[in-house]
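# A look at the structure
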Amino acid sequence: MAYKTINPYNNELVKSYPDATSEEIEQALSTGDALYKKWRNEPVASRSETLHKIADLLRKNEDELAKIATIDMGKLISESKGEVELCAMIADYYADNGADLLKPTPITSRNTGDAEVVKEATGVLMMVEPWNFPYYQIMRVFAPNFMVGNPMILKYASNTPGSAEAFEKIVSEAGAPKGSLTNLFASYDQVSDIIADKRVQGVALTGSKRGGQSVAANAGKNLKKNSMELGGSDAFVVLSDADIDKAVNLAWRVRIYNAGQVCTSAKRFIVADNLYDEFLKKLKENFEKLTPGDPMDPNTTIAPMNSKRAKEKLQGQIDKAVEGGAKIYYGDKPIDLPGQFLEPTILTDISKDNPEFYDELFGPVAQVFKVSSDQEAIDLANDSELGLGGTVVSGDPQRGKRVAEKIETGMVFVNSFFISLPELPFGGIKGSGYGREMSELGLMAFVNEKLIVTAQEPDWNNPAGGLAVFK
């Protein structure tokens, strides 16, 4: 693969990186495996101080790290700084809580002995991560598994190698043992070989459905546990009693954050018919105020997309949707700047037979639908091959919650921007994948929850002792 940073604001090649060699891969595997065996004999709490140091270094180097991420993939510098702080919060959370969450869980049993479930590391993990949140995507997997004691090998997106290199450097500077996180500029064939290696015990992937299917098939073939976060086409449901100004103020922000390149950002806006026309009008007014420009400039409010390839793909989807009967309510005009800018666009009249009805539009494009009831909104929200997140806006939070409970996704937020915090689980269902990251659930994703029963001596005459199953 061609690992290189091309600044999406000005299309300039910043730096190219050499592909991983077979020797580097073997070194990463052997070092990681040796570290796993060493960590098995050390208490979990012994790693918390290092994780706190990682958080401290992230905050200390926030400006430089943010600049690297912005140059790598184009997001606004303010968003990059916020991402660095979120990563520090995640590191601190697992440093503070990891040891307690990994304590054995006692079980009350009819058996005459003491039963408990202990949580143990499983071994080296393979991480395959995307470009849209250059540090956060890594930290979601790294922090919990560092505490667990699972060394990690990272294969990052080919267009954000600078961010991957910077993250690995922070981990090293914090004093983490060599092998804790090894970044490799590997090809997909090399990733397949790594997954097949007996020293690797799990795979965590965030990416496209096609990429997830390929990696999951390889992991399954080799009986390796895996977690998949495969994107979403999240619904933003505006109920008939919603405050329209509050709804729109939330809607435009979630759609253009990170230039719309967020798995969990709302992409399908499902609006009650009594608010539909006003929603469209006010959404357009907010889109019109956006200022494209240098993402390093604090006055810029809409960033370029991450790459020429991503922009061309999204433009092709817009064109295909229009050919299929969709209407452009706003946008879809060229921006007179050299970078990979796509004007925020509003699409309406997208029927179920439109070729783009089920596709995820990964960028600053809002699809707006009109519905006449809560049930129609729920049915439309669920008419998706994906099921990652969602939003419900209502004047009555309990009404919003009732609707949220019927939406088939892994996460739903009522009257709220999507919030990513270390204590909240992250993940989806259906075509959006399986497994959870963050929170206690993410901590247990690659843990061996091993049952240990300790009896003083066998009770051969007690039928409740379990021997009855052999009769």
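Residues numbered from 1 in each chain as written. Predicted model: local features only at pLDDT ≥ 70, side-chain atom pairs only at ≥ 80, totals over all residues. Heavy atoms only, no water.

By the naming in an unreviewed UniProt entry, the chain is NAD-dependent succinate-semialdehyde dehydrogenase, taken from Companilactobacillus halodurans. Quoted verbatim from the Sequence similarities (unreviewed entry) heading of the UniProt record, the comment on the chain is "Belongs to the aldehyde dehydrogenase family." (UniProt positions renumbered as here; feature names shortened; annotations may be inferred.)

Bringing the overall build of the chain into the picture now. A count of helices and strands for the chain gives 14 helices and 20 strands. On C-alpha atoms alone, the chain measures out to a radius of gyration of 24 Å, which is about the 23 Å that the 2.2 N^0.38 rule sets for 471 residues. Projected onto its principal axes, the C-alpha positions of the chain cover 75 × 55 × 40 Å. Across the 471 residues of the chain, 54% fall into the buried class. Within the chain, counting contacts between residues at least 6 apart in sequence, those at least 24 apart form 72% of the total. Surface summary for the chain: the accessible area is close to 20600 Å², and the carbon and sulfur share equals 51%. Side chains of the chain carry 52 positive and 66 negative charges; the gap between the two charge centres is 2 Å. (Helix = DSSP H or I, 4+ residues; strand = E, 2+ residues; numbered from the N terminus. Rg over C-alpha atoms; globule rule 2.2 N^0.38 Å. Buried < 20%, exposed > 50% of the residue type's maximum accessible area, 1.4 Å probe, protein only. Contact = heavy atoms within 4.5 Å. Areas by Shrake-Rupley, 256 points an atom, 1.4 Å probe, with all protein chains shown as cover. Lys, Arg positive; Asp, Glu negative; His and termini not counted. Charge placed at Lys NZ, Arg CZ, Asp CG, Glu CD.)

Time to look at the nonpolar core. Of all hydrophobic cores here, the largest spans 59 residues; its most connected members are Leu51, Ile54, Leu58, Tyr94, Met139, Phe142 and Leu181. Going through the elements one at a time, α1 (22-39), α2 (48-60), α3 (62-73), α4 (77-101), β5 (124-128), α5 (136-148), β6 (152-155) and α6 (161-173) are the ones with two or more residues in this core. A domain split of this core shows at least three residues from each of domain 1 (3-230 + 428-451) and domain 2 (235-414). Sequence-distant contacts of Leu51, defined by excluding residues within four places in its chain, comprise Ala91, Tyr94, Ala95, Phe142, Ala143, Phe146 and Met147. Within the second largest apolar cluster, 27 residues are counted, among which are Val248, Leu290, Ile346 and Val368. (Core = buried A, V, L, I, M, F, W, Y, C linked by side-chain atoms within 4.5 Å. Domains from an automatic or database assignment.)

The next point concerns the state of the cysteines. Summed over the entire model, instances satisfying the criterion amount to zero disulfides. Cys87 forms no disulfide, and the closest cysteine sulfur to it belongs to Cys263, at a distance of 15 Å. (Disulfide = S-S within 2.5 Å.)

All right, on to unusual backbone geometry then. At Asn415, a position not held by glycine, the phi torsion is positive, near 55 degrees. Its location among the elements puts Asn415 in the loop between β17 (413-414) and β18 (429-430). The phi angle at Lys430 is positive, at roughly 50 degrees, despite the residue not being glycine.

So, about the side chain of Thr50. With respect to the helices and strands, Thr50 occurs in helix α2. Classification of Thr50 by relative accessible area gives buried; the value is 14%.

So, about the layout of surface pockets. Once rolled over the atoms, a probe with the size of a water molecule shows which space is left empty. Size it by volume and the largest pocket reaches roughly 1700 Å³. Residue lining of the largest pocket: 50 residues in total, with Trp131, Ser208, Arg210, Arg309 and Lys313 positioned closest to the centre. If you list the elements that add at least two residues to the lining of the largest pocket, you get β1 (3-6), α7 (188-196), β8 (200-206), α8 (209-221) and α11 (308-323). In terms of residue class, the lining of the largest pocket is made up of 21 nonpolar, 16 polar and 13 charged. Looking at which domains feed residues into the lining of the largest pocket, each of domain 1 (3-230 + 428-451) and domain 2 (235-414) supplies at least three. Of the voids in this model, the second largest pocket is the one considered here, and its volume is about 410 Å³. Lining the second largest pocket are 24 residues, and of these Phe133, Tyr257, Phe417, Phe418 and Ser420 lie nearest its centre. (1 Å grid on protein atoms, 1.4 Å probe; cavity = no way out; pocket = protein on both sides within 12 Å on 5 of 7 lines; lining within 4 Å. Points joined across faces, edges and corners; volume = space filled by probe spheres on them. Nonpolar A, V, L, I, M, F, W, Y, C, P; charged D, E, K, R; others polar.)

Under the criterion given, the structure shown has 21 salt bridges. Where Arg140 meets Glu437, a salt bridge forms, and the shortest distance between an N and an O atom there is 2.5 Å. Of this pair, Arg140 sits in helix α5 while Glu437 sits in the loop between β19 (433-434) and α14 (439-443); the two residues are 297 residues apart in sequence, bridging distant segments of the chain. The class for Arg140 is buried, based on a relative accessible area of 2%. A salt bridge links Lys308 to Glu312; the shortest N-O distance between them is 2.5 Å. One end of the pair is Lys308 and the other is Glu312, both in helix α11 and four residues apart, which spans about a single turn. (Salt bridge = Lys/Arg side-chain N within 4 Å of Asp/Glu carboxyl O.)

Once that is clear, we can look at a nonpolar patch on the surface. Taken together, the side chains of Ile107, Leu451 and Val453 define a hydrophobic patch exposed on the protein surface, amounting to about 260 Å² of accessible area. Its place among the elements puts Leu451 in strand β20 (residues 447-454). (Patch = residues over 30% accessible without salt bridge, like charges linked within 9 Å, V, L, I, M, F, W, Y side chains within 5 Å.)

Attention shifts here to the pairing of β5. In terms of residue burial, β5 counts as a mostly covered element, since five of its five residues are buried. Side chains Val124, Met126 and Val128 of β5 all project onto a buried face; the interleaved residues Leu125 and Met127 project onto the opposite face, where all are buried too. Across five bridges, the pairing between β5 and β8 is parallel. Bridge assignment links Leu125 to a residue of β8, and that residue is Gly202. In terms of strand pairing, β5 meets β6 through four bridges, oriented parallel. Among the inter-strand pairings, Met126 is bridged to a residue of β6, identified as Ile153. Handedness of the β5-α5-β6 crossover: right-handed. (Pairing = 2+ DSSP bridges. Right-handed = clockwise from strand over helix to strand, strands pointing away.)

The tally for this structure, following the rule as stated, stands at three cavities of 30 Å³ or more. Each pocket or cavity is described by its volume, and for the largest cavity that value is around 70 Å³. Ser233, Arg268, Ala381, Leu386 and Thr409 are the residues nearest the centre of the largest cavity, which is lined by 15 residues in total. Only β10 (234-238), α12 (374-382) and β15 (386-387) provide two or more residues apiece to the lining of the largest cavity. Looking at the lining of the largest cavity residue by residue, the classes come out as five nonpolar, six polar and four charged. What the second largest cavity holds in volume is close to 50 Å³. Lining of the second largest cavity is provided by Arg140, Leu205, Ser227, Met228, Glu229, Phe426, Gly427, Gly428, Tyr434, Gly435, Arg436 and Glu437. In terms of residue count, strand β9 (residues 225-229) provides more of the lining of the second largest cavity than any other element does, three residues in total. Within the lining of the second largest cavity, the residues separate by chemical class into four nonpolar, four polar and four charged.

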